[in-house]
Amino acid sequence: MFDAQLFSERLRERERCTGCAHELKLSLSNELVAAFWVADGGAERWAALRDAKVVLYDTKHGTNKYRCKLGCWTSVDENGDTRIIAFSLVDEGESKESFTWAFQQFAKHLSPPSVIFTDGDVGMAGAIETVFSKAGTVHLLCVYHIYTNVYKHMHGLIRDKKEWRTFVSKFWSIAKKTDIRSVDDFHRDWVALTNLATGSRGGSDDERRKALKWLANLGTRASKWAARWTWQKLTLGIHSTQRAEALHSAFSHIIRNSDNLATLFDKLERFEDNQAIVKQMKNERVALVHVSARAAASARALHPQHSRAPRASRMSHPPFPSLPSPPNPSPFHPYTQGLPMNSDVGLVKNLPAKIPPPHALMRVRKQASLSLNYCVTQADVGGAGGSAQGLSTSTKWRVQVIGAVELTRGEDEEEAAQDALLNGIDVRVVPPYVLHSDLGQLTDDISHEVTISSCTCQLPSCSGLPCRHQLAVYQMLLSAGTEDVGSLTAFVTTQVAPIWLANSHTDAKVIFYATRNSAACNGS
């Protein structure tokens, strides 16, 4: 097949020039059956993830005239951007054998992932078990694909709109409950959900039997999709295959089902090049913004009489201590705020050893601002507050939303809950049901048990960043004058995962010089 020969020649030439590995699988008649190739820069991106090798794998149809499915391995980098690691082509039937071969090539040329997300395809699940089980890879399922299947199998059984809304709300409360203490309550929660389905009157007896059997099977796989389990793993905040789906949507604009394999390969190469250009432009825009901000700060310092006085705070509580200054431009963003523009020596001497990138700092700042909505009491004294004397970072605390209210379940429950949420009030409905704003999850627990280094909400364990509850405890300890709490910069640095602290002095220095010179050329 001439097209396959041209495709293989492109891959061989690319590997010779860039070192990006590839593999081809041929049939006994020497026809192309499957293909695998590492994306440009994919090996470097994968190595940079260190011990947080989280990958999403999803396939897309309609990308070539041979009806091969295009598989895409994607992950997230230190700046929170979606990055392509590798590609594959598998047969239209998506057999376990084809996925097994593709995963074997991924493990061979890169390394097994620590966590892999898929859409629940049976062939993928079997291949992951075959290839990655010995490496300890954790296989998690996309919760939004799970819900799609819930609708497909259960909506015909529960036809009443009010009953269906109740069923869906209960499902999402189970799926998004993150507190690790709720693991023991899963059986009770699932029985309650099953009872809602059993009590419905839709569908034939055979349809009801099949739907309830499917629902029971879904419950046995809850450790792969329910947040109370999945948030125990470091996933860098990834909980679905949405990033891979977004890439596939972008591919739809440039790839056609009439493309041959060589054309498909060329289009994917151009897509990667365009993504690199967009990322570079984004970094340059960030650089100019921060350089302009530093110039404005210097002007205010030189001419304070022309600076406007800050507005009085509207908050009734003391402000949260300032986080590290906004990082300077460039992909590694060294801290240079407060340094003179020409202070190269000051830059090198004052840079911290490891620097969280802007994406991580932005998420921490968001959690810090939300932490002001929580009150802290000492957990081991029955909820009573304690004095600052004798308190340490190992003490257990109970962190609860300020102004949490309870509502009685009734006809206007949903409307009342939404009104309370819009007014910034956390809501508990009896039986327990809470609309909560922790990254969108629903939880029955208004309070969390927290130490300065851990929290039962599990956001620190899944994102590698401190949560609002930890930051609320930190603020309380700081206000109480606890000696061993340290500075906020030190606290944040000690709580984040290694991927968020991947940059060295040398990288920061080189990039700072390049950015400064670029800004000077642009007249900044």
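Residues numbered from 1 in each chain as written. Predicted model: local features only at pLDDT ≥ 70, side-chain atom pairs only at ≥ 80, totals over all residues. Heavy atoms only, no water.

Here's the deal with the overall build of the protein
The following threshold applies: In this description a helix means any DSSP run of H or I spanning at least four residues, a strand means any run of E spanning at least two, and both kinds are numbered starting from the N terminus. Exposure classes here rest on a 1.4 Å probe applied to the protein chains alone. A residue is buried below 20% of its type maximum, exposed above 50%, and partly exposed in between. Computed with the Shrake-Rupley method and a 1.4 Å probe, the accessible areas treat only the protein chains shown as cover for residues.
A tally of helices and strands in the protein yields 18 helices and 14 strands. Taking all 524 residues of the protein together, the buried fraction comes to 46%. With an accessible surface of roughly 25,700 Å², the protein has 53% of that area assigned to carbon and sulfur atoms.

A closer look at the pattern of salt bridges
Quick note on the threshold: Take a side-chain nitrogen of Lys or Arg and a carboxyl oxygen of Asp or Glu: if they are within 4 Å of each other, that pair is a salt bridge.
Within this structure, the stated rule accounts for 14 salt bridges. A salt bridge links D179 to R181; the nearest nitrogen and oxygen atoms lie 2.8 Å apart. With relative accessibility at 32%, the residue R181 sits in the partly exposed group. A salt bridge links D206 to K210, with the nearest nitrogen and oxygen atoms 3.4 Å apart. Residue D206 and its partner K210 are both found in helix α8 (residues 205-220); the two are separated by four residues, about one turn of the helix.

Section: the sheet that holds strand β8 (residues 374-378)
For clarity, the cut-off: Here a strand pair is declared whenever DSSP counts at least two bridges between the two strands.
Here four strands make up an open sheet; going across it, the order is β8-β9-β13-β14 and the pairing antiparallel. For this open sheet the edge positions go to β8 and β14 (454-455), each flanked by a neighbour on one side alone.

Observations regarding the sheet that holds strand β7 (residues 138-141)
Definition in use: To define axes, lines are fitted to C-alpha atoms, for helices over the stretch in contact only, and angles between the resulting N-to-C directions are given on a 0 to 180 degree scale. Here, residues are in contact when the closest pair of their heavy atoms is within 4.5 Å.
Pairing in this open sheet of seven strands is mixed, and the strands run β1-β2-β5-β4-β3-β6-β7 from one edge to the other. The outermost strands of the open sheet, each flanked by one partner alone, are β1 (22-26) and β7. Adjacent strand axes in the sheet meet at a mean angle of 20°, parallel and antiparallel pairs treated alike. Sheet analysis places strand β3 (residues 54-60) next to strand β6 (residues 115-118), joined by three bridges and oriented parallel. Its bridge partner lying in β6, L56 is registered against F117. Contacts from helix α10 (residues 242-251) reach β3, β4 (69-76) and β5 (82-90) within the one sheet, and its direction differs from that of β3 by about 40°.

Digging into the nonpolar core
Spelled out, the test is: Here, the term nonpolar core denotes a set of buried Ala, Val, Leu, Ile, Met, Phe, Trp, Tyr and Cys residues that are joined through side-chain atoms within 4.5 Å.
Membership of the largest hydrophobic core comes to 65 residues, with the highest contact counts inside it found for Y57, W73, F103, F106, L236, V473 and W500. Among the nonpolar cores identified, the runner-up in size contains 25 residues, and A175, L193, A211 and A222 belong to it.

Some words on the environment of D185
For D185, the position within the fold is in the loop between α6 (161-176) and α7 (186-198). C-alpha separation for the pair D185 and I174, spaced eleven residues apart in sequence, amounts to 9.8 Å.

Let's talk about the pairing of strand β13 (residues 447-451)
Taken across its five residues, β13 has four buried, putting it largely inside the fold. Direction of pairing for strand β9 (residues 397-401) relative to β13: antiparallel, over a ladder of four bridges. Looking at β13, one finds that Q400 is bridged to S447. Pairing of β13 with β14 involves two bridges; the strand directions are antiparallel. Counterpart to T451 in the pairing with β14 is S454. Linking two consecutive strands that pair antiparallel, namely β13 and β14, is a turn of two residues.

A look at the packing of aromatic side chains
Our working definition: Only rings of Phe, Tyr and Trp enter the pairing, Trp through its six-membered ring, and a pair is recorded when the two centres are within 6.5 Å. The plane angle decides the type: under 30 degrees is stacked, over 60 is edge-to-face, the rest tilted.
Inspection of every chain in the model, using the stated rule, returns 25 aromatic pairs. Here W73 and F103 contribute two aromatic rings whose centre-to-centre distance is 6.1 Å and whose plane-to-plane angle is 70°, an arrangement assigned as edge-to-face. Taken together, the positions of W73 in strand β4 and F103 in helix α3 (residues 96-109) put the pair 30 residues apart, joining distant regions of the chain. Note on W73: relative accessible area 0%, which makes it buried.

Quick notes on α10
Applied cut-off: Throughout, the arc means that of the directions going from the helix axis to the C-beta atoms.
Every buried residue of α10 is accounted for by A244, L247, H248 and F251. In a view along the axis of α10, the buried residues occupy a sector of 100°, so they form one face of it.

Some details on the pairing of strand β2 (residues 32-38)
Along β2, five of the seven residues are buried, which leaves the element largely enclosed by surrounding structure. Of the pairings in the sheet, the one linking β1 to β2 comprises five bridges and is antiparallel in character. Across the sheet, residue L24 finds its bridge partner in β2, namely A35. The antiparallel pairing of β1 with β2 creates a hairpin that spans five residues between the two strands, and N30 there sits at a positive phi of about 70°. Where β2 lies against β5, four bridges are found, and the strand directions are antiparallel. Its bridge partner being in β5, A35 is matched across the sheet by L89.

Digging into the confidence of the model for the protein
Cut-off, in case you're wondering: Values of pLDDT, the confidence the predictor places in each residue, fall between 0 and 100.
Scored by pLDDT, the protein comes out at a mean of 76, with 68% of its residues at no less than 70. Considering only residues more than four positions removed or in separate chains, one finds that residues 309-319, a stretch of pLDDT under 50, has five contacts. Scored below 50 in pLDDT, residues 504-524 shows 31 contacts in the model against residues more than four places distant or in partner chains.

A word on helix α16 (residues 468-480)
For clarity, the threshold we go by: By definition here, a helix of n residues has an expected span of 1.5 Å times n minus one.
Spanning 13 residues, α16 covers 18 Å between terminal C-alpha atoms, matching the ideal 18 Å at 1.5 Å per step. For α16, the full list of buried residues reads R468, H469, Q470, L471, A472, V473, Y474, Q475 and L477. Where α16 terminates, the next one or two residues include G481, which has phi positive at roughly 80°.

A closer look at the packing of α3 against helix α4 (residues 122-132)
To be explicit about the condition: Here the word oblique covers every angle except those under 35 degrees (roughly parallel), over 145 (roughly antiparallel) and from 65 to 115 (roughly perpendicular). The handedness criterion is simple: a crossing whose near helix is rotated anticlockwise from the far helix by less than a right angle is left-handed, and one whose near helix is rotated clockwise is right-handed. Under the grouping applied here, Gly and all other residues not named as nonpolar or charged are polar, the nonpolar ones being Ala, Val, Leu, Ile, Met, Phe, Trp, Tyr, Cys and Pro and the charged ones Asp, Glu, Lys and Arg.
Two numbers describe how α3 lies on α4: the axes approach to 8 Å, and their chain directions differ by 40°. The orientation of α3 with respect to α4, classified from their angle, is oblique. Here the hand of the crossing between α3 and α4 comes out right-handed. Contact residues: α3 offers K96, F99, T100, F103, Q104, F106 and A107, while α4 offers G123, M124, G126, A127, I128, T130, V131 and F132. For the contact of α3 with α4, a count of residues per class yields nine nonpolar, five polar and one charged.

Some remarks on the environment of D179
The criterion, for reference: In the analysis that follows, any N or O atom pair within 3.5 Å is treated as a polar contact, provided that within protein one partner can donate a hydrogen and the other can accept it, and provided that, for residues neighboring in sequence, both atoms belong to side chains.
Its place among the elements puts D179 in the loop between α6 and α7. Considering only alpha carbons, one finds D179 and T456, 277 residues apart in sequence, at a separation of 5.2 Å. A distance of 2.9 Å separates the side chain of D179 from the side chain of T456, its partner in a polar contact.

As for the packing of α7 against α8
Think of two packed helices as two axes; the pair is described by the angle between the axes and how far apart they sit. Taken N-terminus to C-terminus, the directions of α7 and α8 make an angle of 165°; their axes are 11 Å apart at the nearest point. One element, α7, and the other, α8, form an angle in the roughly antiparallel class. The crossing of α7 and α8 is right-handed. Along the contact surface, α7 presents F186, W190, L193, T194, A197 and T198, while α8 presents R208, L212, L215, A216, L218 and G219. In terms of residue class, the contact of α7 with α8 is made up of eight nonpolar, three polar and one charged.

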